[in-house]
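Below, each chain spelled out in residue letters.
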Amino acid sequence: MAKTYTRLDSYYAGAYWGPRKETPEECARRAERFLAFVAKVDPSFSQWFEQGRSRKDALKRPIEPSGEALAKRVRRGKDRQFEDIGYSVWAWNGEPDDSDASGFNFKCGGYCEGLSNRCVVNLPGRGPNAERVLSVPILTGLVRSMVLAWEPDSAIATSTMHRDAVTPGDNARDFVGWLMYFSRSQGRVPPLPAPVRIEPVEDKGMLIVLTPELITPANPEHVELGKRVHELLSRAGLLRPMGS
């Protein structure tokens, strides 16, 4: 008899923006701001380590959150073949339990046509950190940190399974999730049904919170709400491929 496997849900936050030519120093300044902001959002975001051959090796490689040190790491993340692809940096927060750990990666400074720069944070799935982090207050702080540091076109924080249940495509700009952000340059956020909340992120754009509860595809109300919001945001022209 064939084995059946149950897909485990996962949560993440991601900020996305189109081609933007930036130097390693400019990317490092944005990364420095991001790390300073998220350190105040939750204790599990206060220390990060470079990836290593093993956990022991990675813990010997703490990331110094200063502009000069970050610029060196950004330069090391340069694509060896194509200058216009930009720079990549990966990090992990060193938690002993992988299921309760977070990690982030950013791709910055890419400027070739059709390219998407990004900052993505993989969030804990279960454990003490997950119980705190997977909440509207913490994720609001995380998304705001991304917006203020990276100035993206859009951002999202959500469950991958809920995202897949309500979004027909596979383009990051077409995703609908638990929290969403759209910069003012992308268009006006339309009125959305309760319990959706809409609030400004300074003068940058608007943050949308789908529901105050932990979002899950197991809740049919969350799926239906996501589909309805997807329809309204699509109609408003906010969901479209990057750069269009």
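Residues numbered from 1 in each chain as written. Predicted model: local features only at pLDDT ≥ 70, side-chain atom pairs only at ≥ 80, totals over all residues. Heavy atoms only, no water.

Q: Just to check I follow, could you spell out the packing of aromatic side chains for this structure?
A: Here the distance between the centres and the angle between the planes together describe a pair of aromatic rings. Within the structure shown, the criterion is met by nine aromatic pairs. Seen in terms of ring centroids, Trp 17 and Trp 150 are 5.5 Å apart; in terms of plane orientation they differ by 20°. Their pairing is stacked. With Trp 17 in strand S1 (residues 11-17) and Trp 150 in helix H5 (residues 136-150), this residue pair connects regions lying 133 residues apart in the sequence. Taken as a pair, Trp 17 and Trp 150 share a single burial class, namely buried. Grouped by ring-pair contacts, the aromatic residues Trp 17, Phe 34, Phe 45, Trp 48, Phe 104, Phe 106 and Trp 150 constitute a single cluster. Above the ring of Tyr 111, the side-chain terminus of Lys 21 is found at 4.8 Å from the ring centroid. (Phe/Tyr/Trp six-rings, centres within 6.5 Å; stacked < 30°, edge-to-face > 60°. Helix = DSSP H or I, 4+ residues; strand = E, 2+ residues; numbered from the N terminus. Buried < 20%, exposed > 50% of the residue type's maximum accessible area, 1.4 Å probe, protein only. Lys NZ or Arg CZ within 6 Å of the ring centre and 35° of its normal.)

Q: Is there a simple way to explain the pairing of strand S3 (residues 103-108) in this structure?
A: Strand residues, when the strand is regular, have side chains that alternate between the two faces of the sheet. Taking burial as the measure, the six residues of S3 include six buried ones, the bulk of the element. Because side chains alternate across S3, one face comprises the buried residues Gly 103, Asn 105 and Lys 107, and the other comprises Phe 104, Phe 106 and Cys 108, equally buried. Bridge analysis of strand S2 (residues 87-92) against S3 gives six bridges, and the strand direction is antiparallel. Counterpart to Tyr 87 in the pairing with S3 is Cys 108. Here S3 pairs with strand S4 (residues 117-122) via five bridges, running antiparallel. (Pairing = 2+ DSSP bridges.)

Q: So what exactly am I meant to see when it comes to the nonpolar core here?
A: Note that soluble globular proteins tend to have their nonpolar side chains buried in a common cluster. Membership of the largest hydrophobic core comes to 69 residues, with the highest contact counts inside it found for Phe 34, Trp 150 and Leu 233. With ten residues, H5 is the largest single contributor of residues to this core. Residues from two domains meet in this core; each of domain 1 (10-125) and domain 2 (153-243) gives at least three. Look past the residues within four positions of Leu 233 in its chain and what remains in contact with it is Val 176, Met 180, Phe 182, Pro 190, Leu 192, Ile 208, Leu 238 and Leu 239. (Core = buried A, V, L, I, M, F, W, Y, C linked by side-chain atoms within 4.5 Å. Domains from an automatic or database assignment. Contact = heavy atoms within 4.5 Å.)

Q: What exactly am I supposed to notice about empty space enclosed by the protein here?
A: One way to see where empty space is left: roll a probe the size of a water molecule over the atoms. Following the criterion strictly, the structure yields two cavities of 30 Å³ or more and no others. As for the second largest cavity, its lining consists of Ala 31, Phe 34, Leu 35, Ile 63, Leu 70, Val 89, Phe 104 and Phe 106. Contributing elements (two or more residues each) for the lining of the second largest cavity: helix H1 (24-39) and S3. No other element matches H1, which puts three residues into the lining of the second largest cavity. Taken together, the residues of the lining of the second largest cavity sort by class into eight nonpolar, no polar and no charged. (1 Å grid on protein atoms, 1.4 Å probe; cavity = no way out; pocket = protein on both sides within 12 Å on 5 of 7 lines; lining within 4 Å. Points joined across faces, edges and corners; volume = space filled by probe spheres on them. Nonpolar A, V, L, I, M, F, W, Y, C, P; charged D, E, K, R; others polar.)

Q: How should the packing of H1 against H5 be read in this particular structure?
A: Helix packing for two helices is described by the angle between their axes and how far apart those axes are. In the contact formed by H1 and H5, the axes pass within 8 Å of each other and the chain directions differ by 155°. Classified by the interaxial angle, the pair formed by H1 and H5 is roughly antiparallel. Crossing of H1 against H5: the hand is right-handed. Together, Cys 27, Arg 30, Ala 31, Arg 33, Phe 34, Phe 37 and Val 38 of H1 and Leu 142, Ser 145, Met 146, Leu 148, Ala 149 and Trp 150 of H5 make up the contact between the two elements. (Axes fitted to C-alpha atoms, helices over the stretch in contact; angles between N-to-C directions. Parallel < 35°, antiparallel > 145°, perpendicular 65-115°, else oblique. Left-handed = near helix turned anticlockwise from the far one by under 90°.)

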